[in-house]
Amino acid sequence: MKKIILLFIFSFLLINCKDVVKKEKTTGLITQKAMVVSARIEASKIGSEILKNGGNAFDAMAATDLALAVAYPFAGNLGGGGFMVYRKADGEIGALDYREKAPLAADRDMYLDNEGNVVKEKSTLGAMAVGVPGTLAGIFTAHKKFGTMPMSEILKPVIALAKRGVVVTKKQEDRIKNYQALFLKANKDSIPLSKKWKENDTIKYPALAETLIRIQQNGVDEFYKGETAKKMVSFIQANGGIITLEDLAKYEARWRTPVTFKYDNLKIISMSPPSSGGVALAQIMKAIEPYDLDQFGHNSTKSIQVITEAERRAYADRSFFLGDPDFVTIPQQELISKEYATKRMADFSFEKATKSADVSHGNIEIVESDETTHYSIVDQFGNAVSVTTTLNGAYGSKLYSPELGFFFNNEMDDFSSKPGVPNMFGLIGAKANEIHPEKRMLSSMTPTIVEKNGKLFMVVGTPGGSTIITSVLQTILNVHEYKMGMQEAVNAARFHHQWLPDVVKMEPKSFDKQAISELKDLGYTIDETTSRIIGKVSAILVLPNASLEGGADKRGDDTAVGF
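Sequence order as written defines residue numbering, which begins from 1 separately in each chain. Only residues with pLDDT of 70 or above have their local features reported here, since the model is predicted, and side-chain atom pairs are shown and tallied only from 80 upward, although totals for entire chains, interfaces and linings are computed over all residues. Side-chain numbers here rest on the full set of heavy atoms in the structure, without hydrogens or water.

## Remarks on the pattern of salt bridges
- Salt bridge, as used here, is a side-chain nitrogen of Lys or Arg placed within 4 Å of a carboxyl oxygen of Asp or Glu. Counted under the stated rule, the structure contains 32 salt bridges.
- Where E403 meets K231, a salt bridge forms, and the shortest distance between an N and an O atom there is 3.2 Å. With E403 in the loop between β12 (400-401) and β13 (406-407) and K231 in helix α9 (residues 227-238), this residue pair connects regions lying 172 residues apart in the sequence.
- A salt bridge links D553 to R494; the nearest nitrogen and oxygen atoms lie 2.8 Å apart. Here D553 is found in the loop between β20 (548-552) and β21 (559-562), whereas its partner R494 is found in the loop between α17 (486-491) and β16 (495-496), with 59 residues between them in sequence.
- A cluster of three or more residues bridged by salt bridges with shared partners is formed by D97, R254, R256, D324, D326 and R440. Helix numbers and strand numbers start at the N terminus; a helix is a DSSP run of H or I with at least 4 residues, a strand a run of E with at least 2.

## Digging into the packing of aromatic side chains
- Ring pairs shown here join Phe, Tyr and Trp side chains whose ring centres sit within 6.5 Å, with only the six-membered ring taken for Trp; geometry is labelled stacked below 30 degrees between planes, edge-to-face above 60, and tilted in between. Per the stated rule, a full pass over the model turns up 24 aromatic pairs.
- Both rings, one in F320 and one in F321, keep their centres 5.0 Å apart while their planes meet at 85°; by these two values the pair is edge-to-face.
- Overall, the relative accessible area of 40% leaves F320 in the partly exposed class.
- Take F321: its relative accessible area is 22%, and that puts it in the partly exposed class.
- The criterion for a charge sitting over a ring is simple: Lys NZ or Arg CZ within 6 Å of the ring centre, and within 35 degrees of the ring normal. Stacked on the ring of F74, the Lys or Arg R175 has its end atom at 4.8 Å from the ring centre. The buried label goes to any residue with under 20% of its type's maximum accessible area, the exposed label to any with over 50%, and the partly exposed label to all in between, with areas taken from a 1.4 Å probe on protein chains only.

## A word on the nonpolar core
- Nonpolar cores were defined as sets of buried Ala, Val, Leu, Ile, Met, Phe, Trp, Tyr and Cys residues, with membership established by side-chain atoms within 4.5 Å. M285, I288 and M506 are the most contacted members of the largest nonpolar core, which totals 85 residues.
- In this structure, A57, L136, M149 and L155 belong to the second largest nonpolar core, which totals 83 residues.

## Comments concerning the pairing of strand β8 (residues 259-263)
- Alternating positions in β8 separate cleanly, V259, F261 and Y263 being buried on one face and T260 and K262 remaining unburied on the opposite face.
- Note on pairing: DSSP must find at least two bridges between two strands before they are called paired. As judged from the 5 bridges shared by β8 and strand β9 (residues 266-270), these two strands associate in the antiparallel manner. Its bridge partner lying in β9, V259 is registered against S270.
- Counting the residues that bridge the hairpin from β8 to β9 gives 2 residues, and of these D264 lies at a positive phi of roughly 55°.

## Some remarks on the UniProt feature "binding site: L-glutamate" (unreviewed entry) in the chain
- Annotation from UniProt places "binding site: L-glutamate" (unreviewed entry) at R99, T390, L391, N392, D414, S443, S444 and G465.
- Mapped onto the secondary structure, D414 falls in the loop between β13 and β14 (448-452).
- Within the secondary structure layout, G465 lies in the loop between β15 (455-460) and α16 (467-480).
- Here G465 falls in the buried class, since its relative accessible area comes to 2%. UniProt positions are given in the numbering used here, feature names are shortened, and annotations may be inferred rather than shown by experiment.

## Quick word on unusual backbone geometry
- A cis amide bond, omega 20°, links P273 with the succeeding residue P274.
- Structurally, P274 is set in the loop between β9 and α11 (277-288).
- Residue P501 is reached from L500 by a cis peptide bond, and omega for that bond is -5°.
- Looking at the secondary structure, you find P501 in the loop between β16 and β17 (504-506).
- Although it is not a glycine, E121 adopts a positive phi angle of roughly 70°.

## Examining the sheet that holds β8
- Strands sit in the order β1-β20-β19-β15-β14-β9-β8 across an open sheet of 7 strands; the sheet is antiparallel. Each of the sheet's edge strands pairs with one partner strand only, and the pair in question is β1 (30-31) and β8.
- Note that β1 and β20 share 2 bridges and pair antiparallel. Its bridge partner being in β20, I30 is matched across the sheet by E549.
- What makes two residues a contact is simply this: any of their non-hydrogen atoms within 4.5 Å. A fitted line through C-alpha atoms serves as each axis, taken over the contacting stretch for helices, and the angle formed by two N-to-C directions is quoted from 0 to 180°. The strands that α11 touches are β8, β9 and β14; relative to β8, the one it contacts most, it runs at about 15°.

## Here's the deal with the UniProt feature "active site" (unreviewed entry) in the chain
- Here the UniProt feature "active site" (unreviewed entry) sits at T372.
- Residue placement: T372 occurs in strand β10 (residues 372-378).
- Aside from chain neighbours lying at most four places away, what touches T372 is A75, T388, T389, T390, M445 and P463.
- Polar contacts here mean pairs of N or O atoms no more than 3.5 Å apart (in protein, one a potential hydrogen donor and the other a potential acceptor; neighbouring residues in sequence count only if both atoms are side-chain atoms). Engagement of the side chain of T372 in a polar contact is seen with the side chain of T390, the distance being 3.1 Å.

## Details of helix α4 (residues 135-146)
- The end-to-end C-alpha distance of α4, which contains 12 residues, comes to 17 Å, matching closely the 16 Å that a straight helix rising 1.5 Å per residue would cover.
- Counting buried positions along α4 gives 9 out of 12 residues, so the element sits mostly inside the fold. Helix span, as expected, comes to 1.5 Å for every residue beyond the first.

## Here we look at the packing of helix α5 (residues 151-164) against helix α7 (residues 206-218)
- In the contact formed by α5 and α7, the axes pass within 8 Å of each other and the chain directions differ by 170°. As the angle between them shows, α5 and α7 are arranged roughly antiparallel. Facing S152, L155, K156, V158, I159, A162 and K163 of α5, the residues of α7 in contact are P206, A209, L212, I213, I215 and Q216.
- Considered class by class, the residues forming the contact of α5 with α7 number 9 nonpolar, 2 polar and 2 charged. Angle categories: roughly parallel below 35 degrees, roughly antiparallel above 145, roughly perpendicular from 65 to 115, and oblique for all the rest. Note that Gly is not counted as nonpolar here; it falls among the polar residues with everything else outside the nonpolar set of Ala, Val, Leu, Ile, Met, Phe, Trp, Tyr, Cys and Pro and the charged set of Asp, Glu, Lys and Arg.

What follows is the structure, given as structure tokens:
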């Protein structure tokens, strides 16, 4: 009997030991006062140094954004646009829209031939794909309102980085190689990234440094009205584009009211249209709130079912209703209401998958560019910013100005070129997102800040096209419902459903085989191929003792830096 008891105790201890090993947490960088998490260590370091030197989150935003334009030309940019959500230490919140705009000469049918067919690559490659850039306007607008350091000081380390050069990582080497054929196609001459760059090489950006020096000396008007503006317009038009000096001079970033909503004891603050991110995130979270996800368990069959079905319904609404609020009326309050969520989930059953064909709004397939970048900042004063910025496709339109030293976006492809015809990412648009002069194109970017019991709790965001919304969602749920730390929440395997195609995308070899088998039996189509990365999250969590934990995604070169 003694032997049996001892054997039982030994087995019990062994099982518990296994559980301890299994549940061992991965912890990200922890700092006491401030932190920057971005796609490149160089940008995070420069942002953190600005904070160390007494700057605030908005000063660090300018430094980090501009440093990404140097260190991460894949998505960091001067020739693109983005969105910022902020929360000041006193609880004030807001959002800034510096999304690109259609040029004045743009029209609804500009990408169609005489027979009404979409001209291949016209909206994706080269000068006709370029929307009016908003990045510099966004950075300077935020800094003018909230910054404390002179912009000339903020630009110093960025200019030094462009002159000194950036060390190529293995991931960057692969990315450059993948797109070199398109660089040759979009440009009349070879460009710096056309060379055979290898890991540990250093790429210097002298032309970009000169552009940044002119901006340092002359301010934002240099980019929109000065010598740089003239060179930009001359270059774009010489390559067949339609952007004019008037387009640049008229561009303004717009302050927006962020989308805010409650989920349990959390307050979520996210980006409003022309981003679809905040509205879709609110719809999904309102739909899943009544369910006990924490009891179902992380990435369990039931949790995946509830989240998938909520995503299916939100994505069905996304393109139909959403666009630039300056041009279309959006039923935002109804879309994010509890009543609407209840109505949308009324036909959900744990017994079987809903078919996307049975969910309203027809054939709008949501597949967008993955090539965006995000950074999160919390400063020593308690201010927080969450920023997502993009060129749209990888290296944007692939059009590069050797004289100015940067790539231009291909954001015009995010409009509906023609109802019912997919863009380069498979997106079939609705009338709400058709092309119009000075209109901003729809986006999925979802920079988000979370409060808990009235205090700053989390800063989160990611690139990933249509997977942005679901990656932000799962990161928040991982912390709130499943009690993970920030790095653990970012590392955790992610899945994605976007209504059409009617497929649950899962990161390969990351999910429980039994759960996958059960989901298939319930009628879900599962795709575990390696074709997509589901987000590259950069996030910050405020811990109970007020210190900060960074979550820097292992799927990219993301790095947290702070003090």
